Amino acid sequence: MFNSETVGHYTTTFKFLDGDDMKLSVLDPYVDVGINPPDALEATHCGRPIDTTYLPTRARPSGRRRRLADVVGCRIGFIVSEKFREIVERFEPGVHGFHPITMEWKSGEPETGHYIWIIHRAIKGLHPTLIHPPYPGPMGFWDGLNPRRHPDGKAVFSAEAIGDAHAWSDPQLDYRRIVSDALSDAFIEAGLTGYTRARHIDVV
């Protein structure tokens, strides 16, 4: 699974100067799990293209640090560098959304080369028979990754469902962002700051 980490000498907080994250929406509001389509809080990480009308394009970094990591988690998802974008594009050219966002430092100096990363692929990747607790059905959420509720939970992805995807959002896992081992290895080999491996899930 995809994750970001706090990096000591980089800026990790900022304020959006335009847009409105509470008005964000997906372009195609169908129901993929549960009974409701993704809401504004889920729009940027549910695996679908979004209406960019209210997507921020400017942000002001805060604090004393003067650089951004290659991956920075925020309330609307991830802000990533050009280096990050190039790696993802090498694996999946033209698939995902990279929406430019300009950093406006307190000094007034603008910094380009950063993007809000929107995954444009949703996959219900859970294996229907090898997971525990049992598969909830195609419209159900699965909480087997919750160690308190399911200390013996077992997650397995279906190779047939995933196909050749390298980055996707899984609706049945509360829209968690997933990356393939190959893409994760590429991030590590490139020395991307702010990226860390999260839980590994076998693919069968």
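Reading guide: rules and limits
Residues numbered from 1 in each chain as written. Predicted model: local features only at pLDDT ≥ 70, side-chain atom pairs only at ≥ 80, totals over all residues. Heavy atoms only, no water. Disulfide = S-S within 2.5 Å. Pairing = 2+ DSSP bridges. Helix = DSSP H or I, 4+ residues; strand = E, 2+ residues; numbered from the N terminus. Buried < 20%, exposed > 50% of the residue type's maximum accessible area, 1.4 Å probe, protein only. Arc of directions from axis to C-beta. Contact = heavy atoms within 4.5 Å. Phe/Tyr/Trp six-rings, centres within 6.5 Å; stacked < 30°, edge-to-face > 60°. Lys NZ or Arg CZ within 6 Å of the ring centre and 35° of its normal.

A. Quick look at the state of the cysteines. Counted by the stated rule, this structure contains zero disulfides. Not part of a disulfide, Cys46 finds its nearest cysteine sulfur in Cys74, a span of 15 Å.

B. Structural view of the pairing of strand S11 (residues 176–179). Of the strand pairs in this sheet, strand S10 (residues 167–170) and S11 are connected by four bridges, and their pairing is antiparallel. The partner of Trp168 across the bridge, within S11, is Ile178.

C. Molecular detail of unusual backbone geometry. The omega angle of the peptide bond from His132 to Pro133 is 0 degrees, so this bond is cis rather than trans. Tracing the sequence through the fold places Pro133 in the loop between strand S8 (110–118) and strand S9 (156–157). Its identity is not glycine, yet Asp174 carries a phi of approximately 55 degrees, on the positive side. The topology assignment puts Asp174 in the loop between S10 and S11. Asp174 sits in the exposed class, given a relative accessible area of 53%. In this structure, Tyr175 is a non-glycine residue whose phi angle is positive, near 60 degrees. Following the sequence through the fold, Tyr175 ends up in the loop between S10 and S11.

D. Seen up close, helix H1 (residues 82–91). Those residues of H1 that sit buried are Phe84, Ile87 and Val88. Buried residues along H1 cover an arc of 95 degrees about the axis, so they all sit on one side. On its buried face, H1 sits against strand S5 (71–74), strand S6 (77–81), strand S7 (97–104), S8 and helix H3 (181–189).

E. The packing of aromatic side chains, seen in detail. For the structure shown, the criterion picks out seven aromatic pairs. Taking 6.2 Å as the distance between ring centres and 85 degrees as the angle between the ring planes, the aromatic pair formed by Phe98 and Tyr115 counts as edge-to-face. Taken together, the residues Phe98 in strand S7 and Tyr115 in strand S8 connect sequence positions 17 residues apart. Residue class for Phe98 comes out buried when judged on its relative accessible area of 14%. An aromatic cluster is present here, built from Phe84, Phe98, Tyr115, Trp117, Phe187 and Tyr195 joined pairwise through their rings. The ring of Tyr30 carries Arg48 above its face, with NZ or CZ at 3.5 Å from the centroid.

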